[in-house]
Amino acid sequence: MSVANRSLVKDKDELYRCIISQLLYDNHHEQALSLIQVVMPNPECPPSGRLLNVFQKGLNAEAVEKNEQEKQMQVSNSTLAPGASNATAIGGGIDLEYESDVLIMTPEAVNYDTVYVTSHKDPCKTTGFSYDGQFVATGSVDASIKLLDVDKMLIKGTSDAANESADQHPVIKTYYDHVNEITCIKFHPFDTFMASGAKDKMVKVYDYSKTASKKAVRTLEDVEPIKDVSYHPGGEWLLVACRHPVLRMYNLENGSCFVAANPREHHSKFVNAVDYAPNGRLYASGDKDGNIKIWDGVSSRCIQNIIGAHGGESICSVRFSKNSRYLLTAGKDSLVKLWEIGTSRDILTYTGAGSQKMTKRVPAVFNHTEDYVFFPDEGATSLCCWSSRNGERMRLLPLVHTRSVRFLAHSPVQAGMMTCGDDYRARFWYAKPLDS
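Engineer: Before we move on, could you go through the sheet that holds strand 26 (residues 405-410) and cite the residues and values that matter?
Structural biologist: Taken together, 4 strands build an open sheet; the order of strands is 1-28-27-26 and the sheet is antiparallel. Only two strands of the sheet have a single neighbouring strand rather than two, namely strand 1 (113-119) and strand 26. Here the strands of the sheet are splayed against their neighbours by 20° on average, with no regard to which way each runs. The strands touched by helix 4 (residues 150-158) within the sheet are strand 1, strand 27 (416-421) and strand 28 (425-430), with strand 1 carrying the most contacts at an inclination of about 115°.

This is the structure we're talking about:
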């Protein structure tokens, strides 16, 4: 055992002794006895109020440390590098290492209402928001991609459609560059580019700032249908998962492709989902066999391998938290799990999204502040919502789609989300702030 591990064991032993002493000091003898039977301290613990004193000093020290961190963040925000993640910009995000009681000021799922609906000619399969939340795109089996203006959707939802002018229409552009079903859409982390993958084995990159152009500015050709893509926070690399066990890493400047050097570290079945950590140091992938791998963002070496993360069921999605410390995953076992990256353990399981195995691959997402986790109930065509910090299930939101919901994405900056369904429709949902 290493020196660090011995020190941790000693600290935990002292912690348990302090808990027992505090319980005895506060006359909670029954609870103290239960813990004594589990811990079996030697020598016996006398009644003491030391734990409360240490706890109070720790709270004061934590408050001072947090204040210093906020000051440093204010200084660093002015020189934030392109693509670098600021987890405190829109809410602090989830951090279970320090949080206990958090006052939630964002609306839960049941408060969302549909404010705009757009239709495709075939089932709508995927969607994604731009980094600033100003745009959202939807992709369909009909091989089309619609780009919509979020502000115009909000205006449309509160105005008289009869008085709408052409330049107020939320759909500002439709792309027809693919020739088969669109499977994924991701926006550049800080620029006006959007990447899409499709069953035509191609990844297309569009510059949506060019209003007259409806063609891709770069095309990446693969040998298998594309399943998912994810931008590096710096924007120059694109991680691509296709119907193959080997992940691809594309340089968007010259189109060159790289793969992990060690064949034994690759997945055994094709990869369904990928995601880059906001700090760029890690990326994650989940496969059809239900395994999750965490990769080093520089060397592309697999540093963690979580076997059977969802009971052997296929992985639907992987999503890093803002601080890159946690990974939110969904599987076809109808469960959503929150993993601590440092220990590879699932610290929370969000249950209640149906008792049957899922037939479709649908992602789980955080809301914009990471106070809630959203995941569709496939059987009930409703949206499940949980507190991200304790797994408490909130009220369901009926999603109104007349057929199965196939995808959802949440805005990174406000209480808005887009859902896509087999009913050919994409619905934009919005909830007013709680203090409005």
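Engineer: Account for the pairing of strand 5 (residues 171-175), naming residues and giving values.
Structural biologist: Buried residues dominate strand 5, accounting for 4 of its 5 residues. Of the pairings in the sheet, the one linking strand 4 (residues 145-149) to strand 5 comprises 4 bridges and is antiparallel in character. When the sheet's bridge partners are listed, L148 is paired in strand 5 with V171.

Engineer: Outline the nonpolar core, listing residues and values.
Structural biologist: The biggest cluster of nonpolar side chains holds 34 residues, and the ones touching the most others in it are V336 and F374. Each residue touching F374, except ones within four places of it in the same chain, is listed here: A109, Y112, P363, A364, V365, N367, L383, C384, C385, L408, H410 and M417.

Engineer: Which residues make up helix 4, and what values go with them?
Structural biologist: Within the sequence span of helix 4, burial applies to V150, M153 and L154. Down the axis, helix 4 shows its buried residues gathered within 100° of arc, on one side only. The inward-facing, buried residues of helix 4 contact strand 1, strand 2 (124-129), strand 3 (135-140), strand 4, strand 27 and strand 28. Backbone nitrogen of D151 and a side-chain oxygen of the N-cap are separated by 3.0 Å at the start of helix 4; the cap is D149.

Engineer: Tell me about unusual backbone geometry, and please be specific about residues and values.
Structural biologist: In this model, N42 is joined to P43 through a cis peptide bond whose omega is 5°. Mapped onto the elements, P43 comes out in the loop between helix 2 (29-39) and helix 3 (50-77). A positive phi is found at K201, a non-glycine position, where the angle reads about 70°. Turning to its location among the elements, K201 is positioned in the loop between strand 7 (193-198) and strand 8 (202-207). Unlike most non-glycine residues, Y424 shows phi in positive territory, near 75°.

Engineer: Residues and numbers for the confidence of the model for the protein chain, please.
Structural biologist: Summing up the model confidence of the protein chain, the mean pLDDT is 89 and the portion of residues at 70 or higher is 89%. A low-confidence stretch, residues 76-91 (pLDDT under 50), is modelled with 24 contacts involving residues beyond four sequence positions or located in other chains.

Engineer: Go over the packing of aromatic side chains with me, naming the residues and quoting the values.
Structural biologist: This structure, assessed with the given rule, holds 9 aromatic pairs. Residues Y276 and Y283 carry aromatic rings whose centres are separated by 5.2 Å and whose planes lie at 55° to one another, so their mutual orientation is tilted. Here Y276 matches Y283 in class, with each residue buried. Summarising the aromatic geometry, the rings of Y350 and W386 are spaced 5.8 Å apart at their centres and angled 45° between planes, so their arrangement reads as tilted. Of this pair, Y350 sits in strand 21 (residues 345-350) while W386 sits in strand 24 (residues 382-387), and the two are 36 residues apart along the sequence. Accessibility assignment for this pair places Y350 and W386 in one class, buried. Here a set of aromatic residues connected by ring pairs shows up, and it is made of F135, F187 and Y208.

Reading the values: rules and limits
Residues numbered from 1 in each chain as written. Predicted model: local features only at pLDDT ≥ 70, side-chain atom pairs only at ≥ 80, totals over all residues. Heavy atoms only, no water. Pairing = 2+ DSSP bridges. Helix = DSSP H or I, 4+ residues; strand = E, 2+ residues; numbered from the N terminus. Axes fitted to C-alpha atoms, helices over the stretch in contact; angles between N-to-C directions. Contact = heavy atoms within 4.5 Å. Buried < 20%, exposed > 50% of the residue type's maximum accessible area, 1.4 Å probe, protein only. Core = buried A, V, L, I, M, F, W, Y, C linked by side-chain atoms within 4.5 Å. Arc of directions from axis to C-beta. Polar contact = N/O pair within 3.5 Å; in protein donor to acceptor, adjacent residues only side chain to side chain. pLDDT = per-residue confidence, 0-100. Phe/Tyr/Trp six-rings, centres within 6.5 Å; stacked < 30°, edge-to-face > 60°.

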